[in-house]
Amino acid sequence: AIQADTGAIGPWTKEFIFGNETSEDCLYLNVWTAAKASSERRPVLVFIHGGAFTGGSGEVAVYDGEELAKKGLVVVTINYRLGVLGFLAHPELTKESPHHSSGNYGLLDQLAALKWVQRNIGAFGGDAKRVTIAGQSAGAASVHYLIASPLARGLFHRAIAESGSSPHSGDARPREDAERDGARLAESKGARSLAELRAQPARELVSGGTFRFGPVVDGWFLPAGGPAILAQGKQNDVPTLTGVNADEGSASPTYGRASLEEYQKRVRDRFGEQSEEFLRLYPARSDAEAAQAEKESARHEDLVSQALWAEDRAKTAKTRTFLYYFDRVIPWPRHPEYQAFHTSEVPYVFRNLKMLDRPWEPADWKTADLVSSYWVHFATKGDPNGPGLPEWPAFNPGAPKVMRLDDRPAPIPLPEVGRTDLLRNLLKRE
């Protein structure tokens, strides 16, 4: 089991981490199937967990694939190495590598899992020619890295990125920068060489320190950052479904709680000369109005950000994109402040409300049925639409629509033109 960073994965996962021992011995996966024979060839969903590349596990209970298997999928959840064990770059590691690379071992684990699926999923009634990669948060970022990687070509045929698409999706640190951090880590551990670093116990390596390791433009798994690969049209071009939750930041104690003074200062610090225009379009004259304006602008920024990504993708991709905006609020009397928080869509996607002790309402079960059905249809044929489901339009740069997901799904436009244009300019500048 992997030690979970529950803040990065989502506040509810504290209830559902079965194991809590950190170990390099983590390269296991889980498979759920309802197939009666290997000849059935059902579509496959490979889910990559989140956790900021520092925590998380494929054994979190809400990732259980039984309900999706009942709906016709073969579901696979995987583990991959995390933190320093998964993403340490170091000059000596690069030198000894035949590919002159280091730092993306966790992503190579994901690649190995996809190769395993290609070799073995037929034994579970799965179709190796219909594999969907899906992930949430860092798992969504992983999806973008796999889309960008030439090493993953042909290993999957559709992609789902939950809470993870923006103009910067799939970007990663230059290898040289990551190598410098790796060298500083070795120095902090008293290791003067790679051999001395390897001689240290793994637990010593992962403990303490302020270093944070993640994906790297290593020249092999990632020849360039995701946006550059996309601009060049060199990505693995597969149908993609992606979106955001209405209140991604609501697990933060500061979300929607800014005073008028704090709100205005944050806007001016971030947007400089364009802050007055921002404050005109998202006005506030009191603390209550400031908190609401900050929340509304954050929601709009997320909507516009994913639309910008979809527009960039449309310039080189031949396959379609489907965008969503999930705004069903989990009923949680103890924490009403969380709203539609980061990761809150996951139990609906997996139709696993039963895993959570909440006062569920009929609308929640309806939302779970609808959302899980959209995911199943997309994994089956690269299009979320199906019988009995409200129509979900593919993204059209000329008339962008996003599918609002709750118990009454419907396409919605981007925010009104003035706000959208401002947010486009601000996001492109950052």
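This one's a predicted model, so the numbers in the text were calculated from it and none came from an experiment.

## Re the side chain of Gln339
So, point 1. As for its position among the elements, Gln339 is in the loop between strand E9 (321-326) and helix H14 (346-349).
So, point 2. Polar side-chain contacts of Gln339 include one of 3.5 Å to the side chain of Arg299.
So, point 3. Filtering out sequence-adjacent residues up to four positions away, Gln339 remains in contact with Asp247, Ser250, Tyr255, Lys295, Arg299, Val329 and Ile330.

## Looking at helix H11 (residues 260-271)
So, point 1. Helix length check: H11, at twelve residues, gives a terminal C-alpha distance of 16 Å against a target of 16 Å (1.5 Å per residue), a fit within 8%.
So, point 2. Taken residue by residue, H11 has Tyr263, Val267 and Phe271 as its buried positions. With its buried residues spanning 30 degrees around the axis, H11 presents them on a single face. Projecting away from the buried face of H11 at angles above 90 degrees are the exposed residues Glu261, Lys265 and Asp269.
So, point 3. Against the buried residues of H11 lie helix H12 (275-281), helix H13 (287-314) and helix H16 (417-429).
So, point 4. Just beyond H11, the residue with positive phi is Gly272, at close to 55 degrees.

## What about the confidence of the model for the protein chain?
So, point 1. Looking at the protein chain, the pLDDT average stands at 91 and 94% of residues meet or exceed 70.
So, point 2. Here residues 1-9 scores under 50 on pLDDT; set against residues more than four positions off or in separate chains, the count is 44 contacts.

## Regarding the packing of aromatic side chains
So, point 1. Enumeration according to the criterion identifies 19 aromatic pairs in this entry.
So, point 2. A ring pair is formed by Tyr63 and Phe350, whose centres lie 6.1 Å apart and whose planes are at 45 degrees; its orientation type is tilted. Taken together, the residues span a long stretch of sequence, with Tyr63 in the loop between strand E2 (42-48) and helix H2 (66-70) and Phe350 in the loop between H14 and helix H15 (362-381) at a distance of 287 residues.
So, point 3. Judged by its relative accessible area of 1%, Phe350 falls in the buried class.
So, point 4. Summarising the aromatic geometry, the rings of Trp375 and Trp392 are spaced 6.5 Å apart at their centres and angled 50 degrees between planes, so their arrangement reads as tilted. A residue pair is termed long-range when its members are at least 10 positions apart, and Trp375 in helix H15 and Trp392 in the loop between H15 and strand E10 (401-405) qualify at 17 residues.
So, point 5. Using a relative accessible area of 2% as the deciding quantity, one classes Trp375 as buried.

## What about the packing of H11 against H13?
So, point 1. Where H11 meets H13, the closest approach of the two axes is 7 Å, and the angle between their N-to-C directions is 35 degrees. Where H11 abuts H13, its residues Leu260, Tyr263, Arg266 and Arg270 lie against Asp287, Ala290, Ala293, Glu294 and Glu301.

## Considerations on the sheet that holds strand E4 (residues 126-136)
So, point 1. Strands sit in the order E1-E3-E2-E4-E5-E8-E9-E10-E11 across an open sheet of nine strands; the sheet is mixed. Both edges of this open sheet fall to strand E1 (29-32) and strand E11 (410-413), since each of them pairs with a single strand only. Pairs of neighbouring strands in the sheet enclose a mean axial angle of 25 degrees, with direction left out of account.
So, point 2. Running over the sheet, helix H5 (residues 105-120) touches E1, E2, strand E3 (74-78) and E4 and is turned about 155 degrees from E4.

## A closer look at the side chain of Ser250
So, point 1. Within the element layout of this structure, Ser250 appears in the loop between strand E8 (240-245) and H11.
So, point 2. Setting aside residues no more than four positions away along its own chain, Ser250 makes contact with Tyr255, Glu337, Tyr338, Gln339, Ala340 and Phe341.

## A word on the environment of His100
So, point 1. Residue placement: His100 occurs in the loop between helix H4 (91-96) and H5.
So, point 2. Along the chain, His100 and Gly219 lie 119 residues apart, while their C-alpha atoms are 7.7 Å from each other.
So, point 3. Excluding residues within four positions of it along the chain, His100 makes contact with Thr94, Arg175 and Asp218.

## Remarks on the pairing of E11
So, point 1. Summarising the sheet, E10 and E11 pair through four bridges and their orientation is antiparallel. Bridged to Met403 within E11 is Pro411.
So, point 2. Where E10 folds back onto E11 in an antiparallel hairpin, the turn is made up of four residues.

## Overview of the packing of H5 against helix H6 (residues 138-148)
So, point 1. With their axes 11 Å apart at the nearest point, H5 and H6 run at an angle of 75 degrees to one another. Classified by the angle between their axes, H5 and H6 sit roughly perpendicular to one another. Here Leu107, Gln110 and Leu114 of H5 come into contact with H6, specifically with Ser142, Tyr145 and Leu146.
So, point 2. Its residues assigned to classes, the contact of H5 with H6 shows four nonpolar, two polar and no charged.

Reading the values: the criteria
Residues numbered from 1 in each chain as written. Predicted model: local features only at pLDDT ≥ 70, side-chain atom pairs only at ≥ 80, totals over all residues. Heavy atoms only, no water. Helix = DSSP H or I, 4+ residues; strand = E, 2+ residues; numbered from the N terminus. Polar contact = N/O pair within 3.5 Å; in protein donor to acceptor, adjacent residues only side chain to side chain. Contact = heavy atoms within 4.5 Å. Expected span 1.5 Å × (residues − 1). Buried < 20%, exposed > 50% of the residue type's maximum accessible area, 1.4 Å probe, protein only. Arc of directions from axis to C-beta. pLDDT = per-residue confidence, 0-100. Phe/Tyr/Trp six-rings, centres within 6.5 Å; stacked < 30°, edge-to-face > 60°. Axes fitted to C-alpha atoms, helices over the stretch in contact; angles between N-to-C directions. Pairing = 2+ DSSP bridges. Parallel < 35°, antiparallel > 145°, perpendicular 65-115°, else oblique. Nonpolar A, V, L, I, M, F, W, Y, C, P; charged D, E, K, R; others polar.

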